[in-house]
Amino acid sequence: MDIDTRLLRYFMAVAEEGHLTRAAERLFIAQPSLTKQIKILETQLGVDLFTRSRSGMQLTQAGTALQHETPRIVASWEEALRTLRSAAHRAASVLRVGFVASAANESTPRIIAEFARARPGWRVEMRQTEWTDPTAGLAAADVDAGLLRLPFPGQEELQVETLITEPRWVALSSSHPLAGKDVIDFTELFDEPFVATPEESGWWREYWLASDERQGHPVRIGTIAHNPDEWLTAIANGYGVSLTPEATARFYQRPDVTYRPVCGVSPSQVGVAWAPDRASSPALQDFIRSCIKICSPDGGENG
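Described below are features of the structure shown in this document. Because the structure is predicted, anything quoted here is derived from the model rather than measured.

Rules used in this analysis
Residues numbered from 1 in each chain as written. Predicted model: local features only at pLDDT ≥ 70, side-chain atom pairs only at ≥ 80, totals over all residues. Heavy atoms only, no water. Helix = DSSP H or I, 4+ residues; strand = E, 2+ residues; numbered from the N terminus. Buried < 20%, exposed > 50% of the residue type's maximum accessible area, 1.4 Å probe, protein only. Contact = heavy atoms within 4.5 Å. Areas by Shrake-Rupley, 256 points an atom, 1.4 Å probe, with all protein chains shown as cover. Lys, Arg positive; Asp, Glu negative; His and termini not counted. Charge placed at Lys NZ, Arg CZ, Asp CG, Glu CD. Pairing = 2+ DSSP bridges. Axes fitted to C-alpha atoms, helices over the stretch in contact; angles between N-to-C directions. Parallel < 35°, antiparallel > 145°, perpendicular 65-115°, else oblique. Left-handed = near helix turned anticlockwise from the far one by under 90°. Expected span 1.5 Å × (residues − 1). Core = buried A, V, L, I, M, F, W, Y, C linked by side-chain atoms within 4.5 Å.

Section: the overall build of the protein chain
Step number 1: In terms of helices and strands, the protein chain carries nine helices and 13 strands.
Step number 2: Reported as C-alpha extents along the three principal axes, the dimensions of the protein chain are approximately 65 × 50 × 30 Å.
Step number 3: Classification of the 303 residues of the protein chain by burial places 46% in the buried group.
Step number 4: For the protein chain, the proportion of contacts with a sequence separation of at least 24, taken over those separated by at least 6, is 73%.
Step number 5: When the accessible surface of the protein chain is totalled, it reaches about 14900 Å², and 52% of it is carbon and sulfur.
Step number 6: The distance from the centre of the 30 positive side-chain charges to the centre of the 39 negative ones in the protein chain is 4 Å.

Encoded structure:
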C-alpha cells in the first residue's frame, strides 16, 4: 500500500486542531478539499480515523494509533529525501542556495567567488522562491543553505549565522505625499495601507508589517504580493506602501517607486542558514566560511 505523505500531513493537522475548519485554515486549503483528502486516507487504510460531530473531529482508536506513528514516518521520509537530494548534488559538485529577494545584497557574487576559490570544481546554484516560503526551500530540504532575511518562521529549527544588519526603509509611490521627505517617521505610516506578503508566509508577514512596533495601531492591508515584481507594481500603482531593507533601494529601482529611510522601526538582518543534519558537509562548511569572511567588517580583505 502506497500512502502519500501529504495525506499524513493533512491528518496530523486535523488531529492536532480537532476541527476541520481550523485545520483547513492552518493548511491554507479549502475545507471541502481537506475533508475529501481525509476520506481518501481513511479509504486507503480501510479504517475510520475520526468520529465527526458538531463539536469537531475526535480520533478513533485507529486514529490515535496513527497519530502516534505519523511524526516518525514523516520525519523519516523527509530525512531520506534530504539524504538523496544531497547525495545527488554532491555527486554533481553543486551547492544549492535558496534566497527570497536580494540574498546577501552586493556581497552575494563575492561570496560565490570566495566559495569557488575554496572549493575548485564546485558551483553554487542560486534558487529564488516566492514570499510564501521565507525559508527559500530549506524547510522542504530543496536547498543546502539559504541566504535569508531574519527573523523567519522555522528559524529555531535551523542553524543560523547573522551576516548583515541594515536599516528598514519604506517603499512608496513616487507620487505619494511623503515621497519628498528625506526621512519618514514610522508613526507617519500607521494609517497607510500596506502591501503585504501572503498569509502562507506566517509571522514573517507580521514582521515586515512591523505589527508589534505600531503602538497598538492596527495594520491596513492594501493588497498582497507574492514576489518583488508584484510588490513593485502594487506600490507604483499606489495600492500601498511597504517596509523593506535598505538594499532594496539599490536592487529594485523604478522611476515610479521611491525609497526613503524610516526612523522608529527596528533594523533588518541577513543570515546564512542550514539544517543541523547537514552541518558536517565540507562543501557547506566552506560556503558558510565564505559568507562570514566576505560579510565581515573588512570584507575579507585581511585574509
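Let's pick the thread back up.
Notes on unusual backbone geometry
Step number 1: In this model, leucine 150 is joined to proline 151 through a cis peptide bond whose omega is -5°.
Step number 2: Structurally, proline 151 can be placed in the loop between β5 (145-150) and β6 (159-166).
Step number 3: Non-glycine residue asparagine 105 carries a positive phi angle of around 55°.
Step number 4: Relative to the helices and strands, asparagine 105 resides in the loop between β3 (94-99) and α5 (108-118).
Step number 5: With relative accessibility at 6%, the residue asparagine 105 sits in the buried group.

A closer look at the sheet that holds strand β8 (residues 184-185)
Step number 1: With respect to topology, four strands assemble into an open sheet ordered β8-β12-β7-β11, the strand pairing being mixed. Bordering the open sheet on either side are β8 and β11 (242-245), each of which pairs with just one other strand.
Step number 2: Across four bridges, the pairing between strand β7 (residues 168-173) and β11 is antiparallel. Residue pairing for β11: arginine 168 is matched across the bridge by proline 245.

Looking at the packing of helix α1 (residues 5-17) against helix α2 (residues 20-27)
Step number 1: Where α1 meets α2, the closest approach of the two axes is 8 Å, and the angle between their N-to-C directions is 130°. Considering the angle they form, α1 stands oblique to α2. Where α1 crosses over α2, the two elements pack in a sense that is right-handed. In this structure, α1 uses Tyr10, Ala13, Val14, Glu16 and Glu17 to contact α2, whose residues at the interface are Leu20, Arg22, Ala23, Arg26 and Leu27.

Quick word on α1
Step number 1: Look at α1: 18 Å from first C-alpha to last across 13 residues, which is about the 18 Å you get at 1.5 Å a residue.
Step number 2: Within α1, burial applies to Thr5, Leu7, Leu8, Tyr10, Phe11, Met12, Ala13, Val14 and Ala15.
Step number 3: One or two residues past the end of α1 sits glycine 18, with phi positive at roughly 70°.

Examining the nonpolar core
Step number 1: Grouped together as the largest cluster of nonpolar side chains are 43 residues, with contacts concentrated most on Phe186, Leu189, Trp231, Leu243 and Tyr259.
Step number 2: For this core, the elements supplying multiple residues, two or more each, are β5, β7, β9 (193-196), α6 (203-208), α7 (228-236) and β12 (257-263).
Step number 3: Counting residues per element, this core draws most heavily on α7, which supplies five residues.
Step number 4: Discounting chain neighbours no more than four positions away, the residues touching phenylalanine 186 are Phe194, Leu209, Ala210, Glu213, Arg214, Leu243, Val262, Cys263, Gly264 and Val265.
Step number 5: Grouped together as the second largest cluster of nonpolar side chains are 23 residues, Leu95, Ile111, Cys291 and Ile294 included.

Some remarks on the sheet that holds β5
Step number 1: With mixed pairing, the five strands of this open sheet are ordered in space as β4-β3-β5-β13-β6. The outermost strands of the open sheet, each flanked by one partner alone, are β4 (123-128) and β6. Across this sheet, the average inter-strand angle for adjacent strands is 25°, counted without regard to direction.
Step number 2: Examined bridge by bridge, β5 and strand β13 (residues 268-274) share five bridges and lie antiparallel to one another. Within β13, the position partnered with leucine 150 by the bridge is glutamine 269.

Treat this as a map of the structure, not an account of what it does.
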